[in-house]
Amino acid sequence: MSLCGSFLSDEQFQCSICLDVFTNPSTTPCGHSFCMACISRYWDGSKVCQCPLCKKTFQKKPDLHINRTLREITEQFRSMRGAGVVGRERRGGRGGGGGGGGDGALPDDLFDELRRKLPQTLPKPQMTLTYEAPSQGNSIPMLLPPATTSLASSVPNNSPIAALNHSSGPPPPPPSFSHSSGRRRFTVSGAASSQSLPLCEIHHRGILIYCRTDRVCICPECETEDHQDHDTVTVEDEWTETKSQLSVLEQEIKEMIRQRIRKIEELRMSVADLELAVERETAGSVGLFFALVSAIERSQAELIEVMEMSRRAAEHQADAMIRQLELEVEELRRRGSALAELAQSDDHNHCVKTFPVLSSPPPARDWSGVAVNSDLGTGTIYRSLAALVDRFQEQLKNVAETGFPPTVVEPSPVRAQPRMRRVQEYAVDVTLDSNTAHPRLILSEDMKSVRCGDRHQLLPDNLERFDRVVCVLGREAISSGRHYWEVEVGGKTDWDLGVARQSINRKGKIDVTPVNGYWFLSLRNKNKYAFRTEPSTDVHLNLQPHKIGVFVDFEKGQVSFYNVDAKIHIYTFNDTFTECILPFFSPCTNKSGKNDGPLIITPVNTIE
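Residues numbered from 1 in each chain as written. Predicted model: local features only at pLDDT ≥ 70, side-chain atom pairs only at ≥ 80, totals over all residues. Heavy atoms only, no water.

Undergrad: Tell me about the sheet that holds strand E14 (residues 482-488), and please be specific about residues and values.
TA: Taken in spatial order, the seven strands line up as E11-E12-E23-E14-E19-E20-E21 in an open sheet, and their pairing is antiparallel. The sheet terminates laterally at strand E11 (441-443) and strand E21 (568-574), the two strands that pair on one side only. Across the sheet, the mean angle from the axis of one strand to that of its neighbour is 20°, orientation sign disregarded. (Pairing = 2+ DSSP bridges. Helix = DSSP H or I, 4+ residues; strand = E, 2+ residues; numbered from the N terminus. Axes fitted to C-alpha atoms, helices over the stretch in contact; angles between N-to-C directions.)

Undergrad: Tell me what's going on with the side chain of Lys-567, and back it up with residues and numbers.
TA: Its place among the elements puts Lys-567 in the loop between strand E20 (558-563) and E21. Look at Lys-567: it is buried, it has no salt bridge, and the nearest opposite charge is Asp-565 at 6.8 Å. (Buried < 20%, exposed > 50% of the residue type's maximum accessible area, 1.4 Å probe, protein only. Lys, Arg positive; Asp, Glu negative; His and termini not counted. Salt bridge = Lys/Arg side-chain N within 4 Å of Asp/Glu carboxyl O.)

Undergrad: Account for a nonpolar patch on the surface, with residues named and values stated.
TA: On the surface, a cluster of nonpolar side chains totalling about 340 Å² of accessible area is made up of Leu-249, Ile-253, Ile-257 and Ile-261. As for its placement among the helices and strands, Ile-257 is situated in helix H7 (residues 246-344). For Ile-257, a relative accessible area of 44% puts it in the partly exposed group. (Patch = residues over 30% accessible without salt bridge, like charges linked within 9 Å, V, L, I, M, F, W, Y side chains within 5 Å. Areas by Shrake-Rupley, 256 points an atom, 1.4 Å probe, with all protein chains shown as cover.)

Undergrad: Can you break down the pattern of salt bridges residue by residue, with the values?
TA: Side-chain pairs of opposite charge can arise whenever the charged atoms involved come near each other. In the structure shown here, the tally under the stated rule is 19 salt bridges. For Glu-265, the salt bridge goes to Arg-268, with nearest N and O atoms at 3.6 Å. Of the two residues, Glu-265 and Arg-268 both sit in helix H7, three residues apart, roughly one turn of that helix. Overall, the relative accessible area of 42% leaves Glu-265 in the partly exposed class.

Undergrad: Give me the sheet that holds strand E8 (residues 209-211): which residues, what numbers.
TA: Read from one edge of the open sheet, three strands run E9-E8-E10, paired in antiparallel fashion. Only two strands of the sheet have a single neighbouring strand rather than two, namely strand E9 (216-218) and strand E10 (232-234). Averaged over all neighbouring strand pairs, the angle between strand axes comes to 35°, with direction disregarded. When E8 meets E10, the two strands line up antiparallel, connected through three bridges. Bridge pairing in E10 places Cys-211 opposite Thr-232. The strands that helix H6 (residues 235-243) touches are E8, E9 and E10; relative to E10, the one it contacts most, it runs at about 90°. (Contact = heavy atoms within 4.5 Å.)

Undergrad: Quick rundown of the nonpolar core? Include the residues and the values.
TA: Core analysis: the biggest nonpolar cluster contains 38 residues, and Trp-485, Trp-495, Phe-531, Ile-548, Phe-561 and Phe-585 have the highest contact counts within it. Excluding anything up to four places from it in sequence, Ile-548 contacts Trp-485, Glu-486, Val-487, Val-489, Trp-495, Leu-497, Leu-521, Phe-561, Tyr-562, Val-564 and Ile-570. Membership of the second largest hydrophobic core comes to 16 residues, among which are Phe-13, Cys-38, Cys-49 and Phe-77. (Core = buried A, V, L, I, M, F, W, Y, C linked by side-chain atoms within 4.5 Å.)

Undergrad: How would you sum up the pairing of strand E19 (residues 547-553)? Please name residues and give values.
TA: Of all seven residues in E19, seven are buried; the element is thus mostly enclosed. Note that E14 and E19 share seven bridges and pair antiparallel. Bridge pairing links Glu-488 to Lys-547 in E19.

And the structure:
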């Protein structure tokens, strides 16, 4: 076994991760070495790399390489350790295991090996321990085996061999201290007398003293040179006094741990409460803004439709008045021409007879106060929307001050427009008149629904019954006041709804126009809505109605239609009623089952 290998231990070549001798050692930037495979596995999956020993953190994973020098030393140590085991086995019978080894003890053949390694002859080493009493100037030498002194004098103090002179022979007696009035002094020739005793890096003496002034462990030589007036005690006494504080410190640490565990639970509960608050706030805000957006969209759709319908109604009203004025102008022109011819006539008898007829005023209307209705019908919509925005602002103010309630806020229903609520107040009970129903129509027993059958029924052909148009009238005549009813039309592809004059012709082909006494809304082919005017007026509804509301103001000459589900106005006829009018219903033909659904008169649910 080589000289150096005798004083190397396994711990110096041991990886702190696998606790075995290095295999392909690699050194981290902080200076610690590990097996390349061990440190790579230790860092696998870690976002931040940290040294297992000093806990130094590397933000970026270091680029590791094999420490070739350390690997060569490790391989030599392995080979020397193996050779040392063999040598001890061979010497086992001679010394009974009293030699050295990898544990730091001196081997029996150390002196022979030193003799071979050094050029001069080395005597048997010995170690001298000297103690100087404080009260006397002389020192008392304590001699160990004689080879120590010669070895120490022959080898330089900074040589590795100088650190070995304490390991041969019997262990020296422990150092003693005197606490008399004089200054104590403790010296050791060579290294410390115990392998476990740390050495001072400056004086190579055992560190046995603790300086309370500087809070540092020192050797006796350091105390003499730099800590003469400081408060110093032995390291053992300092540790004995410090150990008494461990239990108190341990309880403090346990209490700190409990406090932090409680704080962790509080933080986790806070996060859970925050998640619930986020869910509550999200649900409430979504409901609040959904109600506003829905109301605005509905108001916008109603505004567009109301303005378009008002424009078309005014246009048709103007057309009707223009046609009537043109007829009156034509009549006046005809009379003017007749009067001119009469003035040129020589037939006095004819002139005398004709003049009274031509001079009487023709039937003409007073047009001085007649004008096209310029009301677009949007005022109530704007006022309703303004009230809605005011309520929304009030809700926002309340939410900003108190937040949303713990329960999930449901979206508030969109309120009906004031105009819709107003007309619903005039709801009346409408029933069907079976005496007016076309023979193919099938009426319910309560006279509230009607549908078209496949065949004609055997019914009396009275004057009131329609014989060609598949329709039926209501029983309740309207001669004054305001009336409102609702009809369910969902699922049908074709239908007609509205009112008609009581004196309309019910036999043969019928021209269903306002001039002939019909005011109603029609659906054809599921999505083609139109008003039966002259010519027919198509209307595009953004929201397909499932229930139609019909409102009649007899004195004002108005027939209005509403989308009950969407709560919006569709269209209003403006005319003059000179006789009673009746509700009008036509489910149209069933189209081989495609349109066999009924028209149903439903109760009016007034929306608050």
